[in-house]
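# Structural overview
Spelled out, the chains give:
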Amino acid sequence: MFFTCLRRELRRRGKAALVVASGLALGIALVIVVNSVSRGMSRAQDEVLQSLYGLGTDMSVTKAAAPPSKGGQRPRFRFEAKDDGSEDTQSSDLVMTQGFATLPASTVTEVAGQKGVSSAVGGLSLDVVKVSGQFTRGRIRQDGGEQRGGPGGGPGGGPPARIEGGGADFDVNHYTVYGTDVTRPELGPLTSSKITSGRGFRTSETNARVAVADAAYAKEKKLEVGSTVTIKDVTYEVIGIATASSGDAAANLYIPLKQAQTLSGEKDKVTTIYVKATDSQQLDTVKSAIQKNVPGTTVTTSSDLAKTVSGSLSTAAELATGVGTWLSAAVLVAAFLIAGLLTSSAVSRRVREFGTLKALGWTSGRVTRQVVGEAVVNGLAGGALGIALGLAGAYLVTAVGPVLQAQLGGPLGGMGGPVGGAGGPGGGRAVLGGGPGGPGTTSLEVALTAPVSATTIALAVGLAVTGGLIAGAFGGWRAARLRPADALRRVD
Amino acid sequence: MYELRGVTKRYVRGKDAVQALDGIDLTIGDGDRLVVQGPTGGGKSTLLQMLGGLDRPTSGEVVLDGIDLASLSEARLTRVRSEHIGFVFQSFNLIPTLTAQENVETALVPLGVRAAERRARAAEALESVGLGERLTHLPGEMSGGQQQRVAIARALVKRPKVLLADEPTGNLDESTRDEIMDVLERMWKEHGLTFVMVTHDSALARKASRLVTIRQGRITVEENTGA
């Protein structure tokens, strides 16, 4: 009889039931979409961090930043100017450690020995700037004759003269190289990339002249397995192409750590130590231990790095967690209230029915169960509709895949531009100057997805039942309070 | 058997108070057929509600077979209603979404009768009031007289001791009225019921063995030896 009454009543109140179900559906769909988008953003953020850190890395250790010293350390390119008309091409590779701050390789062992550290691997991040081109002197033309500019660049004394011709025509190629510890492939930035062609490093290739190229860089430079790349006059064979699983790759080229140390002249030095903790819940304790016991280091956990994420990803995440959450909560509360009021109003219209049933001997509990049952079924219908709408919304977000930009600051964020300025024409010697950029920013683009988890679906079902129960409570309370005589009297 | 002793009922609404029943003493024997008459607002329906355990008196006792209904808990009073008292209302009070058979079944639900038996008993009850062919009809698909027959079947399907009818023919035309009264009279005789009916209809009142007239909450009882 319970189900017969329930079915018939829902059929009778089709429109009102649809209004209640639609309200709940809207709220639940919003909750699903907001939840999924938040999850997608969190995943995007993780992907951004992973692309810098690599899988399984809990924190990184770098040298504490020091204020840049005046002058001295600025890298410089020096080219001798050639005579005008010379076809000679000059080229120079400048290999610099990122951030110009290195740690002794022994620090890796020291960090690995700290309590709570499961493993630690060192790596050397390099920036390579290759400048190649023609650099020619200008000519000093005086009245009645001409004279070539001297190596000093400035015109000498004498009668008024002007400089003609000369200058520089050069190409600057900047790329990044990461020296990886090939004996420990389980940690470090290369773990966030997948070898899609060729092979990865063998553990025996500690000092081999082999390289793995990032897929995007390989495409740009037309590199493939078996190609060679030359860095500072050293030729490396490309043994594999690695594709970053998300975002940008950590480097354009990966070479064995020893090779990177030799190229940069940083023997037994590393720029970054990647650390995996034994317990991911104790990262702060491990961080404190490293900072205390290994002086002069900066320890950055993934949560530290997450705080530095800015850009549209960060803005969207704030919107989703802020406005989105409040909006869905407001819609849900409104839907619950409307459902409650409509159910209560439906009970008012059925006073005669409930009064009659009570006169026939139906207990208040039985009548209340009937009202609550109808409301819960209504809520579940709203839930099913809401889940369908929510899934459609989440699918739409994933299908459209709006691109979000994430900017990361901090120690792993990158470095400033190495190229300062170029000497102008007419100078005898062209000088390119670059300086350490310190903690710069890295900009990454990630496509937003809205993955719907089983937890989200369970939450939606829970909300639907809750909505039904709240609505049922409104109506049930009214129905339970009805006294049969009052109910029949009010009708008559 | 009913015994009403000093039953009063006073309704208070704000500053206004209405004395619906004013010290009613009445005895109704098993199998009696009693008609309650009186002007509108005189307290007829209130008296019926006291007898049916739908409402409680302000003071006094309403004793049914030795049990004072006024002192029972709500749960026990509901139980008494479900087992022993059948109601027929002026407006039929059928559930519009349920078929004739399902409407009759609603009276058996609180008794915990299993679904199959419920259906069989409901069909039998409808057959007895001449609606064996209308089991699956909704109230909206039936005439007023047919709806009232369904209500009578619903009242009697649980085999109660008492049948209380509040203006059962009030919404019916004359020929249907006679039809329904015939059915009620037949049921009263067949089931040996105690039958209390409120009516405005003097023709019906004349047929009762006892006539109770209620005015301003007070009753007068007439024995009708000719009925």
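Residues numbered from 1 in each chain as written. Chains lettered and ligands numbered in written order. Predicted model: local features only at pLDDT ≥ 70, side-chain atom pairs only at ≥ 80, totals over all residues. Heavy atoms only, no water.

## Thoughts on the overall build of chain B
From N to C terminus, chain B includes 7 helices and 10 strands. Counting over 227 residues, chain B shows a buried share of 56%. Pairs at least 24 residues apart make up 69% of the contacts formed inside chain B by residues separated by at least 6 positions. When the accessible surface of chain B is split by element, carbon and sulfur atoms take 46% of a total near 9700 Å². (Helix = DSSP H or I, 4+ residues; strand = E, 2+ residues; numbered from the N terminus. Buried < 20%, exposed > 50% of the residue type's maximum accessible area, 1.4 Å probe, protein only. Contact = heavy atoms within 4.5 Å. Areas by Shrake-Rupley, 256 points an atom, 1.4 Å probe, with all protein chains shown as cover.)

## Re the packing of aromatic side chains
Residue and element names in this part refer to chain A. Under the criterion given, the structure shown has 5 aromatic pairs over all chains. For the ring pair Tyr178 and Tyr274, a centre distance of 6.3 Å and an interplane angle of 75 degrees mean the geometry is edge-to-face. One end of the pair, Tyr178, is in strand β9 (residues 167-180); the other, Tyr274, is in strand β16 (residues 272-277), with 96 residues separating them in the sequence. The two residues Tyr178 and Tyr274 agree in class, both being buried. By way of ring pairs, the aromatic residues Tyr178, Tyr254 and Tyr274 are connected into one cluster. A cation over a ring is seen here: Arg366 above Trp362, with NZ or CZ 5.9 Å from the ring centre. (Phe/Tyr/Trp six-rings, centres within 6.5 Å; stacked < 30°, edge-to-face > 60°. Lys NZ or Arg CZ within 6 Å of the ring centre and 35° of its normal.)

## What about the interface of chain B and chain A?
Taken together, the contacts link 26 residues of chain B with 23 residues of chain A. Across the chain B to chain A interface the summed buried area is about 2200 Å²; carbon plus sulfur atoms make up 59%. Counting the contacts that link chain B with chain A gives 2 salt bridges. Two residues, Asp55 of chain B and Arg483 of chain A, come together in a salt bridge whose shortest N-O distance is 2.7 Å. Linking chain B to chain A there are 7 residue pairs in polar contact (both at pLDDT 80 or more). Looking at the side of chain B that touches chain A, the element that brings in the most residues is helix α2 (residues 74-84) of chain B, giving 3 residues. Of the residues belonging to the side of chain B that touches chain A, the class tally is 10 nonpolar, 8 polar and 8 charged. (Buried area = accessible area lost by both parts, 1.4 Å probe. Salt bridge = Lys/Arg side-chain N within 4 Å of Asp/Glu carboxyl O. Polar contact = N/O pair within 3.5 Å; in protein donor to acceptor, adjacent residues only side chain to side chain. Nonpolar A, V, L, I, M, F, W, Y, C, P; charged D, E, K, R; others polar.)

## So, the packing of helix α1 (residues 2-12) of chain A against helix α10 (residues 364-400) of chain A
All names here are of chain A. Between α1 and α10, whose axes approach to 10 Å, the crossing angle comes to 55 degrees. In terms of orientation, α1 and α10 fall into the oblique class. The two elements α1 and α10 cross, and the hand of that crossing is right-handed. Facing α1, whose interface residues are Phe2, Cys5, Leu6, Glu9 and Leu10, α10 presents Arg369, Gln370, Gly373, Glu374, Val377 and Asn378. In terms of residue class, the contact of α1 with α10 is built from 5 nonpolar, 3 polar and 3 charged. (Axes fitted to C-alpha atoms, helices over the stretch in contact; angles between N-to-C directions. Parallel < 35°, antiparallel > 145°, perpendicular 65-115°, else oblique. Left-handed = near helix turned anticlockwise from the far one by under 90°.)

## What to know about the sheet that holds strand β2 (residues 16-28) of chain B
In spatial order, the strands read β2-β1-β4-β5 (chain B); together these 4 strands make up an open sheet with antiparallel pairing. The two strands at the open ends of the sheet, each matched to only one other strand, are β2 and β5 (67-68) of chain B. (Pairing = 2+ DSSP bridges.)

## Things to note about the nonpolar core
Of all hydrophobic cores here, the largest spans 40 residues; its most connected members are Val104, Leu126, Val150, Ile152 and Leu163 of chain B. With 38 residues, the next largest nonpolar core counts Met59, Leu124, Tyr236 and Val270 of chain A among its residues. (Core = buried A, V, L, I, M, F, W, Y, C linked by side-chain atoms within 4.5 Å.)

## Let's talk about the pattern of salt bridges
With the rule as written, the count across this model stands at 27 salt bridges over all chains. As a salt-bridge pair, Arg199 of chain A and Glu205 of chain A come within 2.6 Å of each other at their nearest N and O atoms. Ionic pairing is found between Arg177 of chain B and Asp178 of chain B, a salt bridge with its closest N-O pair at 3.3 Å. Overall, Arg177 of chain B belongs to the buried group, its relative accessible area being 17%. Relative accessible area serves as the criterion here: at 32%, Asp178 of chain B is assigned to the partly exposed category.

## Details of the confidence of the model for chain B
All names here are of chain B. When pLDDT is averaged along chain B, the result is 89; 99% of the residues meet or exceed 70. Put simply, helix α7 (residues 202-206) is where chain B has its lowest mean pLDDT, 78, and helix α3 (residues 100-105) is where it has its highest, 95. With a pTM of 0.61, the predicted complex shows an ipTM of 0.92. (pLDDT = per-residue confidence, 0-100.)

## So, the packing of helix α5 (residues 144-156) of chain B against helix α6 (residues 174-191) of chain B
Residue and element names in this part refer to chain B. Contact geometry of α5 with α6 gives a least axis separation of 10 Å together with a crossing angle of 15 degrees. It follows from the interaxial angle that α5 and α6 lie roughly parallel. Read as a crossing pair, α5 and α6 show a hand that is right-handed. Facing Gly145, Gln148, Arg149, Ile152 and Leu156 of α5, the residues of α6 in contact are Thr176, Glu179, Ile180, Val183, Leu184, Met187 and His191. A per-class count over the contact of α5 with α6 returns 6 nonpolar, 4 polar and 2 charged.

## A few points about the side chain of Thr297 of chain A
Residue and element names in this part refer to chain A. With respect to the helices, strands and loops of the structure, Thr297 is situated in strand β17 (residues 297-301). Note on Thr297: relative accessible area 9%, which makes it buried. Of the polar contacts made by the side chain of Thr297, one reaches the backbone oxygen of Val294; its length is 2.7 Å.

## Focus on unusual backbone geometry
Residue and element names in this part refer to chain B. Even without being a glycine, Phe92 presents a positive backbone phi close to 70 degrees. Its place among the elements puts Phe92 in the loop between β6 (85-88) and α3. Judged by its relative accessible area of 9%, Phe92 is buried. Look at Arg159: it is not a glycine, yet its phi comes out positive at around 55 degrees. If you trace the backbone, Arg159 turns up in the loop between α5 and β7 (162-166).

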